[in-house]
Structure formats: C-alpha cells, structure tokens
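The residues making up each chain are set out below.
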Amino acid sequence: QVQLVESGGGLVQPGGSLRLSCAASGFTFSSYAIVWYRQAPGKERELVATINSFGGTRTYVDSVTGRFTISRDNAKSTVYLQMISLIPEDTAVYYCKAVGSSRSFWGQGTQVTVSS
C-alpha cells in the first residue's frame, strides 16, 4: 500500500522554525522526485520546493528561497522541509507529492500556522 505521511506541522510564532517530514512507503522511493506544495485558505495550491530522486537538484519558489531547505534521506524513505524565519504568509496546509515517470502520489497534508 502506497503511503506518504507528512508530519511536523503546528503553531509557531513569526520568526520561528519548523521541520516538516514526509515519510514514504509502498513504492521505490529513491526513483521518485518529491515536491512540497502548500495551500492557504481561499488560495490555490502552490508549489514550494522540489528535489530530484537523488537529492542533487533542488528548486524553490521565490517567496521561500533562503528560508526553506528541502532534503531527503533515501535510506529512510523520507523527505524534509526545514523552514526558518517563518512569516504569517507561510500559513497553509503543506503537502508532499512523489512524482515518478508514470505515477504520482500525494500525502494528506500537515497544517502550519504562523501567528503570534
């Protein structure tokens, strides 16, 4: 059974940090690129960061560049999103997506709320 399970979300004050995790099972994790998306209330889902299957290539949306870092541990079938200097505009449900050559899978999401 394919699963992607996000964790690590929560409530944090502006300027704070969180590390999200996306744990995968049921498929060959190391063959898939991983994408983090987020969706704020009333807004469309937005691509935040990507990492290729071996972790050598990473991309970020401009609004998080320099504050977010995506990484992966293929031995643990897990991808991370380290977030620092969080701002209220980062408030959203964060989703990970595994993207393969012919299939893709979504996680259920984890809520991040940045508020004082």
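Our subject is the structure listed above.
Residues numbered from 1 in each chain as written. Predicted model: local features only at pLDDT ≥ 70, side-chain atom pairs only at ≥ 80, totals over all residues. Heavy atoms only, no water.

## Some words on the nonpolar core
Defined as follows: Here, the term nonpolar core denotes a set of buried Ala, Val, Leu, Ile, Met, Phe, Trp, Tyr and Cys residues that are joined through side-chain atoms within 4.5 Å. A simple rule labels every residue: compare its accessible area, found with a 1.4 Å probe on the protein chains alone, to the largest value its type can have, and call it buried under 20%, exposed over 50%, or partly exposed in between. The secondary structure listing takes helices from DSSP runs of H or I that are at least 4 residues long and strands from runs of E that are at least 2 residues long, numbered from the N terminus.
Formed by 29 residues in total, the largest nonpolar core has its most connected members in Trp36, Leu81, Met83 and Tyr94. At the level of secondary structure, the elements contributing two or more residues to this core comprise strand 3 (18-25), strand 4 (33-39), strand 5 (46-51), strand 7 (68-73), strand 8 (78-83), strand 9 (92-99) and strand 11 (110-114).

## Observations regarding the side chain of Arg67
As a reminder of what qualifies: Under the rule applied, a polar contact is a pair of N or O atoms within 3.5 Å (in protein, one hydrogen donor and one hydrogen acceptor; residues adjacent in sequence only if both atoms are side-chain atoms). Two residues form a contact once any of their heavy atoms are found within 4.5 Å.
Along the chain, Arg67 turns up in the loop between strand 6 (58-60) and strand 7. Of note is the side chain of Arg67, whose polar atom sits 2.7 Å from the side chain of Asp90. Residues contacting Arg67, with those up to four places away along its chain left out, are Gln82, Met83, Ile84, Ser85, Leu86, Ile87 and Asp90.

## Considerations on unusual backbone geometry
The phi angle at Ser77 is positive, at roughly 50 degrees, despite the residue not being glycine. Along the chain, Ser77 turns up in the loop between strand 7 and strand 8.

## Focus: the pairing of strand 8
This is how the line gets drawn: Two strands form a pair only when DSSP identifies at least two bridges running between them.
With 5 of its 6 residues buried, strand 8 lies for the most part within the structure. The sheet contact formed by strand 7 and strand 8 spans 6 bridges and is antiparallel. Following the sheet pairing, Ile70 is matched in strand 8 by Leu81. Counted along the chain from strand 7 to the antiparallel partner strand 8, the turn is 4 residues long, and its residue Ser77 has a positive phi close to 50 degrees.

All quantities given are derived from atomic positions and should not be read as evidence of function.
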